[in-house]
Amino acid sequence: MHSVVCIKQVPDSAQIRVHPVTNTIMRQGVPAIINPYDLFALEQALRLKDRFGGTVTVVTMGPPQAEVALRKALSFGADEAILVSDRAFAGADTLATSCALASTIRQIRKNMPVDIVFTGKQTIDGDTAQVGPGIARRLDLQLLTYVSRILEVDHGARQIRVERRAEGGVQVLRTALPCLITMLEGTNEMRFGTMADMFRAARAELKVWDRLAAGIEDPSLVGLKGSPTVVGKVFAPKPRALRAEMIETATQEPKDLAVTLLAKLFTQHPRIERELARRAV
Amino acid sequence: MAEKFDAIVVGAGPAGNAAAYTLAKGGLKVLQLERGEYPGSKNVQGAILYSDALERIIANFRDDAPLERHLIEQRVWILDDESYVGTTYRSAQFNQPPYNRYTIIRAHFDKWFSSRVQQAGALVICETTVNELLLDGKRVVGVRTDRQGGDIYADVVILADGVNSLLARKAGFHPEIKSKDVALAVKEIHFLPQETIESRFNIGEDEGVVIEMAGKISQGMMGTGFLYTNKESITLGIGCMLSDFKCQRTTPYALLEKMKAHPAIRPLIEGGEMKEYAAHLIPEGGYDAVPPIYGEGWLIAGDAGMFVNGLHREGSNLAMTTGQTAARTVLDLAAAGKPFSAKNLARYRERLDDSFVMKDLKKYRRAPEIFHDNSQFFTTYPELLNRAAHTLIRVDGVDKKTKEREIRRNFVARRSAWGLIGDAFKMWRAFE
Ligand SMILES: Cc1cc2nc3c(=O)[nH]c(=O)nc-3n(C[C@H](O)[C@H](O)[C@H](O)COP(=O)(O)OP(=O)(O)OC[C@H]3O[C@@H](n4cnc5c(N)ncnc54)[C@H](O)[C@@H]3O)c2cc1C
Ligand SMILES: Cc1cc2nc3c(=O)[nH]c(=O)nc-3n(C[C@H](O)[C@H](O)[C@H](O)COP(=O)(O)OP(=O)(O)OC[C@H]3O[C@@H](n4cnc5c(N)ncnc54)[C@H](O)[C@@H]3O)c2cc1C
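Residues numbered from 1 in each chain as written. Chains lettered and ligands numbered in written order. Predicted model: local features only at pLDDT ≥ 70, side-chain atom pairs only at ≥ 80, totals over all residues. Heavy atoms only, no water.

Some thoughts on the site of ligand 1
Residue and element names in this part refer to chain A.
So, step 1. Taken together, the neighbourhood of ligand 1 is formed by 26 residues, with Cys6, Lys8, Asp38, Thr123 and Thr128 sitting nearest.
So, step 2. Within the backbone of Ala129, one N or O atom sits 2.8 Å away from an oxygen atom of ligand 1.
So, step 3. Out of a free accessible area of 930 Å², ligand 1 has 74% covered by protein chains.
So, step 4. Listing elements by their share of the shell around ligand 1, those giving two or more residues are strand 6 (55-61), helix 3 (94-111) and strand 8 (116-120). (Near = heavy atom within 4 Å. Polar contact = N/O pair within 3.5 Å; in protein donor to acceptor, adjacent residues only side chain to side chain. Areas by Shrake-Rupley, 256 points an atom, 1.4 Å probe, with all protein chains shown as cover. Helix = DSSP H or I, 4+ residues; strand = E, 2+ residues; numbered from the N terminus.)

Here it is, written out as structure tokens:
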């Protein structure tokens with residue numbers, strides 16, 4: 001079983017500030033973290049390895065500093081790490097990013113066939129959720145988005161069965177391997193690596209692939225040149241003035257207060273009332 | 001197979017980094033363990049960096065260390081509820097490189113220091129907590145971390161795990177720290193545009209100001225407040241003895257809120273965006289509270305060994321110097337092929353006794369006790385001083401002689417003549 005997990009190093013958006021005058025994002029001093037959604041993908045891949053054995057390769061496209069993210073992934077238990085880094089990749093949009101990552105994975109599978117490519121659901125900085133599907137399309141992989149659980153992997157039949165969050169419910173899907181899975185958040189919890197993994201991660205020599213090593217002959221397919229997206233304007237939205245509503249009650253009895261609040265809730269969300277009524281029966 | 005190193009350093013604060021850097025430069029196989037996500041992630045400091053201690057470890061630190069501003073002005077304020085009397089020392093000499101003191105942000109600084117430690121060849125592993133020391137009889141032979149397969153062995157272990165060293169306590173090297181020997185400090189960082197800071201404090205680019213504060217802001221407890229200017233932010237905080245917090249039943253947060261509302265302080269942080277709030281202990285027990293700092297196969301450096309000069313708000317420099325001294329002691333023994341026995345490691349304490357570290361702690365030996373037992377220094381005097389200033393400066397038709405008499409009467413009424421003399425004597429003993 002060989003999984004490739006794509007991870008992206010992102011600025012910790014909880015600590016980001018927008019410059020009050022220029023409206024640009026102030027990245028200076030903001031710690032870089034692994035895109036939180038990608039950790040669910042990595043943990044899922046590690047669980048498959050626990051069950052079936054095999055290899056987990058992590059890949060990131062980014063500047064040299066992204067090495068930190070890869071080392072962290074190794075410390076969780078990933079086996080191999082590849083940093084795809086080249087000045088030619090700078091300024092990539094989702095199209096160029098998908099292109100570069102797809103080509104990288106093509107190179108990886110020359111050495112070892114890949115069964116599943118994992119990505120996060122989306123990133124917390126770009127938020128587009130386009131890179132996963134973009135890679136799947138280019139590698140002609142079956143695409144499973146918003147996966148919440150892997151139910152079964154049948155190596156003999158080269159099949160996989162998963163649960164997928166869909167609007168209003170859960171779908172159970174079966175498809176053929178190899179496939180690409182974009183993993184939903186909250187579906188697992190990242191493990192605490194062993195001491196041996198910590199040592200291995202701290203000492204590992206990381207593979208750094210430039211454009212050619214990643215198998216990209218045509219430089220106009222990647223980076224700014226390969227990116228048709230034009231950012232027209234960046235601005236910080238005005239915070240909405242959320243106002244709390246004061247509800248007057250006749251008495252201070254907890255029961256009366258609760259009844260008043262529930263009545264208010266039910267008029268705005270009749271579904272909740274119906275659901276509660278149904279369960280009460 | 002468990003891993004084995006020449007030396008393990010626990011903690012990646014200034015003490016641990018100084019120790020690991022020195023050991024690695026000296027050619028030993030060093031492992032440094034830090035429980036935080038990255039070095040600096042758990043560290044709280046005002047913070048002023050004193051160049052001298054770091055210069056002795058990394059001479060060219062100014063080339064790439066993340067320094068905020070060099071300090072050109074020091075203010076000392078004694079605050080009453082609505083006023084303060086103070087002094088300012090500003091000197092063009094402080095504007096001559098190499099600068100003597102800088103403001104830093106510990107999260108950035110510790111990360112930088114750690115990168116130097118790694119370049120020097122030490123293996124640094126974060127997000128890993130040392131839970132206990134591995135003992136062979138009385139001798140420390142390694143550490144046990146919180147990870148699976150977490151036992152790691154070494155010939156010597158340097159504990160630089162900060163104030164209230166749990167490891168040393170667990171191993172029985174020293175008793176639990178007393179609440180009268182630690183201060184609890186809280187601080188906040190307020191972000192402001194660089195230009196605003198520079199105009200508010202009358203400073204140029206890269207220049208900085210420190211304000212040290214005492215008086216009513218500590219509400220009768222033994223403690224002080226501080227405000228430092230960083231590049232694009234202001235750090236301010238206050239710390240008081242933990243034992244005082246206990247009896248007064250005030251929270252540090254309430255203290256800081258009140259301090260921020262003081263009419264002299266509020267305008268300085270006006271419009272700032274508060275980004276960070278942190279609380280941390282400072283070991284301020286002084287000379288007599290320094291625990292045993294060496295034994296069979298182990299040494300203690302930094303806050304873990306009570307190496308803080310509370311009166312001068314020096315801590316990180318003592319941490320670096322003790323870390324470096326511990327490492328040098330180890331290197332000397334290693335070079336001579338001698339074992340890391342308590343007898344041989346005693347040289348560490350001797351070296352510290354000969355350095356500014358122990359000499360300074362000894363000089364202020366009595367200060368903690370005196371201030372602790374005499375809260376008038378934090379209540380009555382600030383009030384009297386401020387009233388005196390007010391009386392003298394206010395022009396209201398009362399002649400100066402009468403004013404002076406009134407001031408004197410106020411002092412005697414509040415403290416009595418003998419009280420005043422006694423207080424002067426105590427003050428002198430504290431600083432003698
Ligand atoms: C409004 C907007 C403005 C932008 N501005 C700029 C800009 O100014 N400069 C600039 O350089 N780029 C810019 N970008 C590009 C963007 O930041 C990303 O580099 C790229 O588009 C990836 O898209 P995403 O972050 O939305 O990833 P998503 O499609 O949301 O990511 C899905 C998954 O794909 C994987 N993945 C994504 N990126 C990588 C990667 N690099 N390596 C490995 N795996 C990855 C991860 O598993 C991730 O969970 C902008 C994008 C948008 C939408
Ligand atoms: C509010 C405040 C303001 C201050 N201002 C100044 C100032 O302006 N100038 C100055 O010089 N000093 C100042 N100090 C004091 C200074 O911060 C300390 O003296 C200094 O940080 C001590 O360094 P250290 O390396 O001994 O400990 P620390 O900096 O506390 O580092 C200890 C490290 O060990 C790690 N650790 C602890 N236990 C374990 C474990 N079991 N396993 C693994 N890792 C562990 C911790 O995570 C931490 O990173 C201030 C302190 C405070 C609280």
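From this point, things continue past the structure.
Structural notes on the domain arrangement of chain A
So, step 1. In terms of domain boundaries, chain A breaks down into domain 1 (2-221) and domain 2 (244-281).
So, step 2. For domain 1 of chain A and domain 2 of chain A, the distance between their C-alpha centroids amounts to 44 Å. (Domains from an automatic or database assignment.)

Digging into the site of ligand 2
Residues and elements named next belong to chain B.
So, step 1. Around ligand 2, 39 residues are found, and the nearest of them are Glu34, Ile48, Arg106, Asp303 and Ser316.
So, step 2. Between ligand 2 and Pro14 there is a distance of 3.2 Å, counted from an oxygen atom to a backbone nitrogen or oxygen.
So, step 3. Within the side chain of Tyr228, one N or O atom sits 3.3 Å away from an oxygen atom of ligand 2.
So, step 4. Protein contact buries 96% of the 990 Å² of open area that ligand 2 shows by itself.
So, step 5. Of all elements in the fold, only helix 1 (14-25), strand 3 (48-50), strand 13 (223-229), strand 15 (273-283) and helix 9 (316-336) reach the threshold of two or more residues within the shell around ligand 2.
So, step 6. Per-element accounting of the shell around ligand 2 gives the leading share, three residues, to helix 9.
So, step 7. For the shell around ligand 2, a count of residues per class yields 18 nonpolar, 13 polar and eight charged.
So, step 8. When we break the shell around ligand 2 down by domain, the ones giving at least three residues each are domain 1 (4-68 + 101-176 + 287-364) and domain 2 (180-283). (Nonpolar A, V, L, I, M, F, W, Y, C, P; charged D, E, K, R; others polar.)

Here we look at the side chain of B:Ser91
So, step 1. Inspection of the secondary structure assignment puts B:Ser91 in the loop between strand 5 (84-90) and strand 6 (101-103).
So, step 2. Separated by 2.9 Å, the side chain of B:Ser91 and the backbone nitrogen of B:Gln93 make a polar contact.

Thoughts on the pattern of salt bridges
So, step 1. In the structure shown here, the tally under the stated rule is 44 salt bridges over all chains.
So, step 2. The partner of B:Glu3 in a salt bridge is A:Arg203, and the shortest N-O contact between them spans 2.8 Å. Residue B:Glu3 is found in strand 1 (residues 3-10), and its partner A:Arg203 is found in helix 5 (residues 195-203); the two belong to separate chains.
So, step 3. Residue B:Asp64 pairs with B:Arg116 through a salt bridge whose shortest N-O separation is 3.2 Å. One end of the pair, B:Asp64, is in the loop between helix 2 (51-55) and strand 4 (69-79); the other, B:Arg116, is in helix 3 (residues 106-119), with 52 residues separating them in the sequence.
So, step 4. For B:Asp64, a relative accessible area of 42% translates into the label partly exposed. (Salt bridge = Lys/Arg side-chain N within 4 Å of Asp/Glu carboxyl O. Buried < 20%, exposed > 50% of the residue type's maximum accessible area, 1.4 Å probe, protein only.)

Let's talk about a positive patch on the surface
Residues and elements named next belong to chain A.
So, step 1. There is a patch of like positive charges on the surface, built from Arg106, Arg109, Arg137 and Arg138.
So, step 2. Counting only elements with at least two residues in the positive patch, the list comes to helix 3 and helix 4 (131-139).
So, step 3. Among the secondary structure elements, Arg109 is positioned in helix 3. (Patch = residues over 30% accessible without salt bridge, like charges linked within 9 Å, V, L, I, M, F, W, Y side chains within 5 Å. Lys, Arg positive; Asp, Glu negative; His and termini not counted. Charge placed at Lys NZ, Arg CZ, Asp CG, Glu CD.)

Observations concerning the domain arrangement of chain B
Residues and elements named next belong to chain B.
So, step 1. The domain boundaries assigned to chain B delineate domain 1 (4-68 + 101-176 + 287-364), domain 2 (180-283) and domain 3 (369-431).
So, step 2. For domain 1 and domain 2, the distance between their C-alpha centroids amounts to 28 Å.
So, step 3. With 17 residues of domain 1 at the contact, the number on the domain 2 side is 23 residues.
So, step 4. Carbon and sulfur atoms supply 63% of the area that domain 1 and domain 2 bury against each other, a total of about 1600 Å² over both sides. (Contact = heavy atoms within 4.5 Å. Buried area = accessible area lost by both parts, 1.4 Å probe.)

A short note on a nonpolar patch on the surface
Residues and elements named next belong to chain A.
So, step 1. On the surface, Leu262, Leu265, Ile272 and Leu276 cluster together into a nonpolar patch covering about 310 Å² of accessible area.
So, step 2. Elements supplying a minimum of two residues to the nonpolar patch: helix 6 (254-268) and helix 7 (270-280).
So, step 3. Looking at the secondary structure, you find Leu276 in helix 7.

A word on the interface of chain B and chain A
So, step 1. Taken together, the contacts link 23 residues of chain B with 14 residues of chain A.
So, step 2. Together, the buried faces of chain B and chain A total about 1600 Å²; carbon and sulfur atoms form 61% of this surface.
So, step 3. Applying the counting criterion to the chain B and chain A interface returns three salt bridges.
So, step 4. B:Glu127 is the partner of A:Lys72 in a salt bridge, and the nearest nitrogen-oxygen pair spans 3.2 Å.
So, step 5. Taken together, chain B and chain A are joined by five residue pairs in polar contact (both at pLDDT 80 or more).
So, step 6. Where the side of chain B that touches chain A is concerned, the elements lending two or more residues are strand 1, strand 2 (30-33), strand 7 (123-125) and strand 15 of chain B.
So, step 7. Ranked by the residues each element gives to the side of chain B that touches chain A, the list is headed by strand 7 of chain B, at three residues.

Some remarks on the sheet that holds strand 13 (residues 207-209) of chain A
Within a sheet, each strand pairs with its neighbour through backbone hydrogen bonds, oriented either parallel or antiparallel.
All names here are of chain A.
So, step 1. Taken in spatial order, the nine strands make up an open sheet running 11-10-9-12-8-1-6-7-13, and their pairing is mixed. Because the sheet does not close on itself, it has two edges, and the strands there are strand 11 (169-176) and strand 13. For this sheet, the mean angle separating the axes of adjacent strands, direction not counted, is 35°.
So, step 2. Two strands pair when backbone bridges link them, and strand 6 and strand 7 (residues 80-84) are joined in this way by five bridges, in the parallel orientation. Looking at the pairing, Val58 lines up with Ala81 of strand 7.
So, step 3. Where helix 1 (residues 36-52) meets the sheet, its contacts fall on strand 1 (2-6), strand 6, strand 8, strand 9 (142-154) and strand 12 (179-183), and the angle it forms with strand 8 comes to roughly 150°.
So, step 4. Running over the sheet, helix 2 (residues 67-76) touches strand 6 and strand 7 and is turned about 165° from strand 7. (Pairing = 2+ DSSP bridges. Axes fitted to C-alpha atoms, helices over the stretch in contact; angles between N-to-C directions.)

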